[in-house]
Number of protein chains: 4
Amino acid sequence: MQLINDFKTVRQRTIQICAPLKTEDYVVQPVVDVSPPKWHLGHTTWFFETFLLQPYAKDYTIYDADYNFVFNSYYETIGARVIRTDRGNLSRPAVEDVLRYREHVDAAMERFLRQPLSEEIMALVILGLNHEEQHQELLYTDIKYILGHNPLFPAYSSTAAPQVAATDTPAMLSVKEGIYEIGYHDKGFCFDNELGRHKVYLQHYTISNVLVTNQEYTAFIHAGGYSNFRYWHAEGWDWVKNNQITAPLYWYQVNGQWMHYTWQGLQPLDPEGILCHISFYEAAAFAAWKEMRLPTEFEWEAAAAQFNWGARWEWTESAYLPYPGFIKAPGAIGEYNGKFMVNQMVLRGASEVTSPGHSRISYRNFFHPHLRWQFTGIRLAR
Amino acid sequence: MQLINDFKTVRQRTIQICAPLKTEDYVVQPVVDVSPPKWHLGHTTWFFETFLLQPYAKDYTIYDADYNFVFNSYYETIGARVIRTDRGNLSRPAVEDVLRYREHVDAAMERFLRQPLSEEIMALVILGLNHEEQHQELLYTDIKYILGHNPLFPAYSSTAAPQVAATDTPAMLSVKEGIYEIGYHDKGFCFDNELGRHKVYLQHYTISNVLVTNQEYTAFIHAGGYSNFRYWHAEGWDWVKNNQITAPLYWYQVNGQWMHYTWQGLQPLDPEGILCHISFYEAAAFAAWKEMRLPTEFEWEAAAAQFNWGARWEWTESAYLPYPGFIKAPGAIGEYNGKFMVNQMVLRGASEVTSPGHSRISYRNFFHPHLRWQFTGIRLAR
Amino acid sequence: MQLINDFKTVRQRTIQICAPLKTEDYVVQPVVDVSPPKWHLGHTTWFFETFLLQPYAKDYTIYDADYNFVFNSYYETIGARVIRTDRGNLSRPAVEDVLRYREHVDAAMERFLRQPLSEEIMALVILGLNHEEQHQELLYTDIKYILGHNPLFPAYSSTAAPQVAATDTPAMLSVKEGIYEIGYHDKGFCFDNELGRHKVYLQHYTISNVLVTNQEYTAFIHAGGYSNFRYWHAEGWDWVKNNQITAPLYWYQVNGQWMHYTWQGLQPLDPEGILCHISFYEAAAFAAWKEMRLPTEFEWEAAAAQFNWGARWEWTESAYLPYPGFIKAPGAIGEYNGKFMVNQMVLRGASEVTSPGHSRISYRNFFHPHLRWQFTGIRLAR
Amino acid sequence: MQLINDFKTVRQRTIQICAPLKTEDYVVQPVVDVSPPKWHLGHTTWFFETFLLQPYAKDYTIYDADYNFVFNSYYETIGARVIRTDRGNLSRPAVEDVLRYREHVDAAMERFLRQPLSEEIMALVILGLNHEEQHQELLYTDIKYILGHNPLFPAYSSTAAPQVAATDTPAMLSVKEGIYEIGYHDKGFCFDNELGRHKVYLQHYTISNVLVTNQEYTAFIHAGGYSNFRYWHAEGWDWVKNNQITAPLYWYQVNGQWMHYTWQGLQPLDPEGILCHISFYEAAAFAAWKEMRLPTEFEWEAAAAQFNWGARWEWTESAYLPYPGFIKAPGAIGEYNGKFMVNQMVLRGASEVTSPGHSRISYRNFFHPHLRWQFTGIRLAR
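Residues numbered from 1 in each chain as written. Chains lettered and ligands numbered in written order. Predicted model: local features only at pLDDT ≥ 70, side-chain atom pairs only at ≥ 80, totals over all residues. Heavy atoms only, no water.

An unreviewed UniProt entry annotates chain A as Ergothioneine biosynthesis protein EgtB originating from Chitinophaga defluvii. Regarding chain A, the UniProt comment filed under Pathway (unreviewed entry) reads as follows: "Amino-acid biosynthesis; ergothioneine biosynthesis." (UniProt positions renumbered as here; feature names shortened; annotations may be inferred.)

Draft legend 1. Main features of the arrangement of the chains. At the level of C-alpha atoms, the two units chain A and chain C stay apart, their nearest approach being 14 Å. Chain B shows no contact with chain D. Their nearest C-alpha atoms sit 14 Å apart. (Contact = heavy atoms within 4.5 Å.)

Draft legend 2. Summary view of the relation of the copies chain C and chain B. Once chain C is rotated about the relating axis by 180° and shifted along it by 0.0 Å, it coincides with chain B to within an RMSD of 0.0 Å. The relationship between the two copies is best expressed as a two-fold rotation axis. The share of interface residues of chain C whose copies in chain B are also at the interface is 100%, consistent with both copies meeting through the same surface. (Least-squares fit on C-alpha atoms with pLDDT ≥ 70 in both.)

Draft legend 3. Molecular detail of the confidence of the model for chain A. In this model, chain A carries an average pLDDT of 93, and 93% of its residues clear a pLDDT of 70 or more. Overall fold confidence (pTM) sits at 0.94, and the ipTM for the predicted complex is 0.94. (pLDDT = per-residue confidence, 0-100.)

Draft legend 4. The packing of aromatic side chains, seen in detail. Applying the stated criterion across every chain yields a total of 164 aromatic pairs over all chains. Ring centres of Tyr217 of chain B and Phe220 of chain B lie 5.3 Å apart, and the angle between their planes is 55°; on these two criteria the pair is classed as tilted. Separated by three residues within a single helix, Tyr217 of chain B and Phe220 of chain B lie in helix 6 (residues 214-222), roughly one turn from each other. Like Phe220 of chain B, Tyr217 of chain B is buried. A network of ring pairs unites the aromatic residues Tyr217, Phe220, Tyr226, Tyr231, Trp232, Trp251, Trp258, Phe286 and Trp289 of chain A as a single cluster. The ring of Trp263 of chain C has Lys144 of chain C sitting right over it, with the charged end atom 5.8 Å from the ring centre. (Phe/Tyr/Trp six-rings, centres within 6.5 Å; stacked < 30°, edge-to-face > 60°. Helix = DSSP H or I, 4+ residues; strand = E, 2+ residues; numbered from the N terminus. Buried < 20%, exposed > 50% of the residue type's maximum accessible area, 1.4 Å probe, protein only. Lys NZ or Arg CZ within 6 Å of the ring centre and 35° of its normal.)

Draft legend 5. Focus on the sheet that holds strand 6 (residues 257-262) of chain A. Residues and elements named next belong to chain A. With respect to topology, three strands assemble into an open sheet ordered 5-6-7, the strand pairing being antiparallel. Only two strands of the sheet have a single neighbouring strand rather than two, namely strand 5 (251-254) and strand 7 (265-268). Neighbouring strand axes in the sheet, compared pairwise and without regard to direction, differ in orientation by 35° on average. Sheet topology note: the strand 6/strand 7 ladder contains four bridges and is antiparallel. Within strand 7, the position partnered with Met259 by the bridge is Pro268. (Pairing = 2+ DSSP bridges. Axes fitted to C-alpha atoms, helices over the stretch in contact; angles between N-to-C directions.)

Below, the structure is given as structure tokens:
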């Protein structure tokens, strides 16, 4: 019964996130990294249909064979998929059709979940819910991108939007040299990339108990941070020049004042606010300017119990690589994490748009170093 | 009063063309050449607001300053415009907002048209209506592209769709050498590119009284027309290879049978039907395979009184260039035609989706030689 | 014997054009439109080997089968070719190997030409010589590009370089309305695109007896010609902005003074000199700024006997299209002209680097409208 | 005196590597990653002129100010540089000019080295020699690419080419869990990225004492390794499909037999030979197919004393990141390593074309995961 309740809660939350949208907002894909909200609604539903109902639910008949083609994401195992850049070109299925698809699958899932289930199937359901929670976070980031790149700068909502709590008094925490244990070691759910609890040896380091603020980052901008190559990785510097980057994503200078796009539309920048929407390149350049550095993901995990986190995904200096003993699961589920372990950087923590209960100290998020549309931030180390 | 009635009729027809669409269909832009239907609705409205109401209607206040930014097309005179590839990324203004904008402008225009108007203003209104009729044709072509490139192949409408009449018994008409007059020479409306009535000297030629059928073109395909470079322009051959072109747009071979996307969805190809949706390159290659050629636009105009036309826009062997004495109008209106007079080929005639009363024997349409989403066809000459 | 002498003269002239080069200059290809001089040497030789020695010379054995692969240009008939962008990556065959190839083929050709030859074969030899003369002009243009885009700006030669004669007193010549005959009508050699002598009807026009000078064009620049979209075709305006064009090719503003790269290296611009190295877009924009236009190729040919020409290839307002009755020759030779008859503009005249005896009043050159590395100029009409 | 001798030896070796080349081979740049040999000759010379002679040698006058522009590589500190893709377009300075530049700088350096030198200057000289040895290796890899991508497949040399020694009897070496020390800890030269000797904690692992052979890799190919996405990273799979990769670089299947390009031209593949020229993606996919993995760079360093290495640069599963306490040197020299620490994978060992004395157990090489023109190989771990 707990699982049915969890299922309903998670599925319902996805709908609530979309509630402030107009039909048109569900359809567009302004850049390749963003998916239309309609697609998230369909894809998370397709997951349950494909990995649970089809193989395990007796008498279940597939809702629409074409939807498999439309809502598959990157699971090569499952067959031909819609080229990712084409998602924003699909006006059909319409939003109402996708919602009907959700209702159909939800009803079938609820019947299915009332039956006795094997451990393996329960694990798959929980994976599906965690998968949907990941897409809830992506929904927020994609919706912000869609509305924030519209010349009318429409507000998402004056009330429904996530809020970030205040921060602590800044201090550098000192962590002593030695052996630390890294990786998940509890009984609940975690992703496969967190498994393989293992020892690492860390040198002595210090790490900030707070995240960088808008004010601190503005100082970097005004000190010429974006026009001095010395602070940047070579690829970061190319990225700055090729894309004429001069500020974080969503920041605009209007009549000499810094504005940024928020859930309430275009607003003056709050200097005390926690910096958001910067790339790994920017995070590393800012740290270099401060004559500090980003922590590794191991340093972060070893110290995280001593500071507040959860407002921003925090860039680390660690590339996304397998833990010792990492083994890919067989079949399509095995495509989940391992195949992305190259050319991406690890983010630790969680963000203002992470679903409740979806964050863990061992959680490993990962993105390419130039991406900024996630709710990313900076914690400094030395 | 005639002008008010014309205005209402034309404006209403645009809405009717869109009536079978779902909200989502108004938003997407699958390729750069296609504009979202929502944009056509706004842009045709923006034309009347910008070129008539703003300069000439007393007390008119602009509906929304941002709309000028969003709905300008290519008029450099009027200020910054939305980059063309971005049109499909705009979920706002929503369809209902655009319709409200139309209603606002329509009401203001109807008030305005009841006043006494100068010749110049009346000419601008008529230009605006002809401009909107051009966009009505583009609406049909763009809607067909949007629905026809969706993996679900939704029908536009089982009843509302345009129909093409039957064709005549094929014959080659002979036209004798001599001087012919080319260009518009009547009192009604025409575009500036048709003006400059002038003499041309034509050699003797023959021209078909019918358009090429699907059956004839299928023979070209099955004879290996797409794999023999000899029939093709060098750039056409590159286009065939780079895009792996093997059939007209919207054609699919399913289990050995030719299907094509139509207003009623995916349907078996009618062999007797008039060929549609081919590029200039394909038209020229087909003609070369037939050991014939396309007519020039002058040959077409000199002979057109002797055959039925109007089902397809017909590719000619003429590049789009100014007539003798062509002069660009001053200001933004002057951007209408002259600036496109390079790298495009002339099409003559009209098509099944041309608005009633919008075709003339002197009408000059023009597109880049690789484009196929218009309702293009082939008439052979020798 | 005349043919042998002509053969030797033309072949020798190609070598002389390259004489001032260093070995390294023969190899590079700075842009796709430019071919390495080494390639021109090989390709013109390959023409005689492929179209004359192989099919017609008894006992001739091919010099090196791989050279067919390397030195074919765009003749699809003859087999796989080196992708055009790869030409500048080929360090082998070395220059000395290509010269040996030339000597081998020249010796075989001279033996071959001493035999009695059919009309058809003699026509092919003459075509080969005209083909080589075209490549002599391209050699000059490509050498200028290679040296003129080197940061050291090396001189080609202080003595060997082509010179341009002085110009006439400017005047507008008046040509009266009526029928004119266009196309080649003599007994010597011409290209297939000049054939099909035919009547055209021209309206009354005036045409300048001189070409535009550097001084006149500098006035256009200083009047803001490159920053006012009104003078430009839409595609020309995109080209200006995307490529940040602000002056003709090879022009540089150094300490407020206009310099340009010449055969003698970087030199101050001569205000009286004839303008060179502008695109069709620039030519048309300059004409629009002058409230004039470019002549059509028919207007040019009808008037050319009345003015001096030959210093610059002159852009016309005519697209490159077939004359009435144009028929492609069968086989590879037929690929020579017809397949380029789309998206290119006609140039008339000749230039300072055209080979002696290679110019005719009916000669039709053609290039894409954005290209500037040819010795192009502007003659105005109205 | 030792330093002068070392200087002469290293500088002379660069010339010897180029000895088998023709002048034309010095000029071309077939892909952006490859530099023309002429450029390597100039750039290594520029290093000594810029970082030693200019700042420290009394009365030294710069050889040619333009050379600074041409031969700078990626040192943003030093001023505008030639865009990297343009290197292959530069026919001047000619090879003989570059050799004269080398002689000039060598003579000045030898005079300079006879004077008493500070520790700091001696360190810079030694850095310059190590820098030149790195370019010696790149010269070999770039020369192989230039000749191996020429359709004539010219041999580099029948005698002068590097040779690879035979391998050992295969075995898996077992390394026990615990703390290991990583990084350089000797008195000689090392690069800054090797410094920061530090402890790491390794889990138990096994590592092969031999490198993968051509035969073993051919089995992967024939088992369909390149057409099964399961073995590949997502980006690796995209790379395989977009570039139609089906075998290592330089491999060609001719009449059913595997050939590969070698220093002696195109030769049958030796099944016992050590596999070479594979990307990180291929290395990781091969390991996955074997149900093994690549070692981390720490596992490699901890075990390397127990096996023979030096024939191939060996891909590791480690991303190129700073060691604890890594600090960039100030000024241009500081650009050497740190700014590349993103999106690259570490290679350990050395290769058949590494300069004598240039390899160390702590040496960290690094390349982007798709690159194959280095002499890369695979060592498996578990």
